[in-house]
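# Fold and geometry: a report
The lines below spell out each chain.
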Amino acid sequence: MKLTIACLAAAIVLVFAGTIAQVHLGIHEVQQLYFQSLFVWWPPNSNGFKIPIYPGGHLIGAVLLANLITAHIRRFQWTWRKFGIQLIHAGLIIMLLGGLLTDLFSVDSYMRLEIGETKNYSEDLRLTELAVIDESDSDLDQVTAIPQARLQRGGTIEHSGLPFRILVRRFYPNSQVGMLSKAGANAQAAATQGVGSRVVVTEARRDTTPNGHDTVSVVIEIEPLPSENEITAGSLGTWLVSDGLGAPQEFFYSGKQWRLELRPVRYYKHYSMTLQKFTHERYPGTEIPKNFASRVTLTDPDHKENRNVLIYMNHPLRYRGETYYQSGFDKSDKATVLEVVHNPGIIAPYAACVIVAAGLLVQFSFHLTSFLRRRKPAS
């Protein structure tokens, strides 16, 4: 019991500190640093030396769960008199495990579809990846994706599918891109090749607003790998790839056309969605949305699915472990935005609440029956 109280007190302090930290770090950063970690580290965003200063949400939850299971095994007797309490504890354990599953394995992404467009992937709005695309095949692009976390570490990146290595020269978590001609006499171009040779990049403060978006930029150098058939001619130069450019960078090497693109992380599906129609109703005389809905065609050859589905507010589509919510739309009303949620622990809170309620009912009924039996001889 003492350990449980200590963990609950630590959780209260953690929630208070995390709430204060949201002012400077934003809700998503705080969620990762304070609640989805074993320890809270200081300094929070450093890639170098840092020290743990407080237990994180995962550690506190794990200790609570272990303490609850241990106490249940050692102290409680498996009798019908305690059956209600055992049900309540079982519900709490399921709730804690469900929370851990959600934290570790849930994925929240978005699918934007224009009318008539078909996609088999959704995109993460908070994580980016560098896509190195081989466009030499007219039927199929060969894509090598490098995650943002790897780019942030810097250094040299090699992959068996690439005939060159990538050297990360500079990574900007948030940046501003401007024209070199307007940046002053002492300004330097961000890169030596492509659009980067005509623009400058400056680091900006991270956007911590709930719906804010950072403009990620990275400067990379392409260096050919030694091969038996080709003479290595040294570096091919540096390129700037950025959310702020609005267009990928291209170059030619080893007889192939290559494209560099910084894009949201993609989660590919085994099925596809096609937007057939989007409806946006407004309250008369205003621009306030009354209802907006998307009619999509779900196509899944593996499961022989080919049907139309209407997705609208409070009526999501649930398919193969993912839930599609009507999230937003373009101002032109020609494209819809669906939020795609994959949460393997979605059932846990409902099951836990039912089990805890059943435990409370059983325990209350047992004590009520005992109370009525004790009163009967006295009357």
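Residues numbered from 1 in each chain as written. Predicted model: local features only at pLDDT ≥ 70, side-chain atom pairs only at ≥ 80, totals over all residues. Heavy atoms only, no water.

The next point concerns the overall build of the chain. Secondary structure summary: the chain contains 6 helices and 18 strands in total. What you see for the chain is a C-alpha radius of gyration of 28 Å, clearly larger than the 21 Å of a compact globule of 379 residues, by over 25%. Judged by the C-alpha coordinates and their principal axes, the chain covers about 100 × 55 × 50 Å. Sorting the 379 residues of the chain into buried and exposed places 34% on the buried side. With an accessible surface of roughly 23,200 Å², the chain has 58% of that area assigned to carbon and sulfur atoms. Within the chain, one finds 37 positive and 33 negative side-chain charges whose respective centroids are separated by 16 Å. (Helix = DSSP H or I, 4+ residues; strand = E, 2+ residues; numbered from the N terminus. Rg over C-alpha atoms; globule rule 2.2 N^0.38 Å. Buried < 20%, exposed > 50% of the residue type's maximum accessible area, 1.4 Å probe, protein only. Areas by Shrake-Rupley, 256 points an atom, 1.4 Å probe, with all protein chains shown as cover. Lys, Arg positive; Asp, Glu negative; His and termini not counted. Charge placed at Lys NZ, Arg CZ, Asp CG, Glu CD.)

Right, let's talk about the side chain of T128 for a bit. On the secondary structure map, T128 appears in strand 4 (residues 118–134). Judged by its relative accessible area of 7%, T128 is buried. Once residues lying within four places of it in the same chain are set aside, the contact partners of T128 are P147, Q148, V216, D243, R263, P264 and V265. (Contact = heavy atoms within 4.5 Å.)

The full count for this structure, using the stated rule, is 15 salt bridges. Residue R165 is joined to E158 by a salt bridge in which the shortest nitrogen-to-oxygen separation is 2.9 Å. Between D300 and R320 there is a salt bridge; the shortest N-O distance is 2.9 Å. With a gap of 20 residues between them, D300 in strand 14 (residues 289–300) and R320 in the loop between strand 16 (317–319) and strand 17 (322–329) connect regions that are remote in the sequence. With relative accessibility at 0%, the residue D300 sits in the buried group. Connected through shared salt-bridge partners, R112, E114 and D330 make up one network. (Salt bridge = Lys/Arg side-chain N within 4 Å of Asp/Glu carboxyl O.)

L130, V132, L151, F164, I166, I220 and F251 are the most contacted members of the largest nonpolar core, which has 21 residues in total. At the level of elements, strand 4, strand 7 (164–172), strand 10 (217–224), strand 11 (237–242), strand 12 (249–253) and strand 13 (256–282) are the ones that each hand at least two residues to this core. Looking at this core, the element that brings in the most residues is strand 7, giving 4 residues. Setting aside chain neighbours within four positions, we find I220 in contact with L130, I166, L167, V168, R169, G237, T238, W239 and L260. The next biggest cluster of nonpolar side chains, apart from the first, holds 14 residues, and it includes M111, L275, Y319 and V340. (Core = buried A, V, L, I, M, F, W, Y, C linked by side-chain atoms within 4.5 Å.)

With phi around 65°, N314 is a residue other than glycine that occupies positive phi space. Inspection of the secondary structure puts N314 in the loop between strand 15 (305–312) and strand 16.

Turning next to the pairing of strand 7. Of all 9 residues that make up strand 7, 7 are buried, and the element is covered over most of its length. Pairing of strand 7 with strand 10, which is carried by 8 bridges, proceeds in the antiparallel orientation. Paired with F171 across the strands is V218, a residue of strand 10. (Pairing = 2+ DSSP bridges.)

Let's shift gears to the environment of E123. Residue position: E123 is located in strand 4. For E123, a relative accessible area of 18% translates into the label buried. A C-alpha to C-alpha distance of 5.7 Å links E123 and P264, two positions 141 residues apart in sequence. Apart from residues no more than four positions distant in its own chain, E123 is found in contact with S109, Y110, P264, V265 and R266.

Next up on the list: helix 4 (residues 83–105). Taking 1.5 Å as the rise per residue, helix 4 with 23 residues should run 33 Å; its terminal C-alpha atoms sit 32 Å apart, in good agreement. Among all positions in helix 4, only G84, Q86, L87, I88, H89, G91, I93 and G98 are buried. (Expected span 1.5 Å × (residues − 1).)

Attention now moves to the sheet that holds strand 7. Taken in spatial order, the 4 strands make up an open sheet running 6-7-10-11, and their pairing is antiparallel. Pairing within the sheet leaves two strands with one partner each, and these edge strands are strand 6 (155–157) and strand 11. Pairs of neighbouring strands in the sheet enclose a mean axial angle of 30°, with direction left out of account. (Axes fitted to C-alpha atoms, helices over the stretch in contact; angles between N-to-C directions.)

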